[in-house]
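This is what each chain is made of:
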Amino acid sequence: METNLTIKPSVRIKDNTGVYMHVNSHHLLTDLPADHGSEQAMTLLMEQFEPATEEADTIIETTMRLDA
């Protein structure tokens, strides 16, 4: 798994006084049979959704506590 974090001024908040944060978790499927369809991907997403969401919450909460 690879986690990417983006932090930048929010374009939705007037005068760029807001902060945009985006956490993206990448999961790699390897050694799949040619006819796998999306079953393995959906299984991985279901298994990893909650842990990835918790990780994103932790990253954002930790970042928000940092002094500028």
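Coordinates for the structure precede this section.
K.L.:
Explain the overall build of the protein residue by residue, including any values.
P.N.:
When you go through the protein residue by residue, the secondary structure sums to 1 helix and 2 strands. For the protein, the α and β elements follow one another from N to C terminus as β-β-α. For the protein, whose C-alpha radius of gyration is 16 Å, the value lies well above the compact-globule estimate of 11 Å for 68 residues. Projected onto its principal axes, the C-alpha coordinates of the protein cover approximately 50 × 20 × 15 Å. In the protein, which comprises 68 residues, the proportion classed as buried is 12%. Residue pairs at least 24 apart in sequence account for 35% of intrachain contacts in the protein once pairs closer than 6 positions are excluded.

K.L.:
Could you give me a rundown of helix α1 (residues 39-65), with the residues and numbers involved?
P.N.:
In a regular helix each residue adds 1.5 Å, so 27 residues correspond to 39 Å; α1 covers 39 Å between its end C-alpha atoms and thus fits that length. Of all bends in α1, the biggest is about 45 degrees, found at Q48, and the proline P51 comes one to four residues later. Considered for burial, the residues of α1 that qualify are L44, A52, A56 and T63. Along its buried surface, α1 packs onto β1 (2-9) and β2 (19-26).

Rules used throughout
- Residues numbered from 1 in each chain as written.
- Predicted model: local features only at pLDDT ≥ 70, side-chain atom pairs only at ≥ 80, totals over all residues.
- Heavy atoms only, no water.
- Helix = DSSP H or I, 4+ residues; strand = E, 2+ residues; numbered from the N terminus.
- Rg over C-alpha atoms; globule rule 2.2 N^0.38 Å.
- Buried < 20%, exposed > 50% of the residue type's maximum accessible area, 1.4 Å probe, protein only.
- Contact = heavy atoms within 4.5 Å.
- Expected span 1.5 Å × (residues − 1).
- Bend = angle between axes of the 7 residues up to and from the residue.

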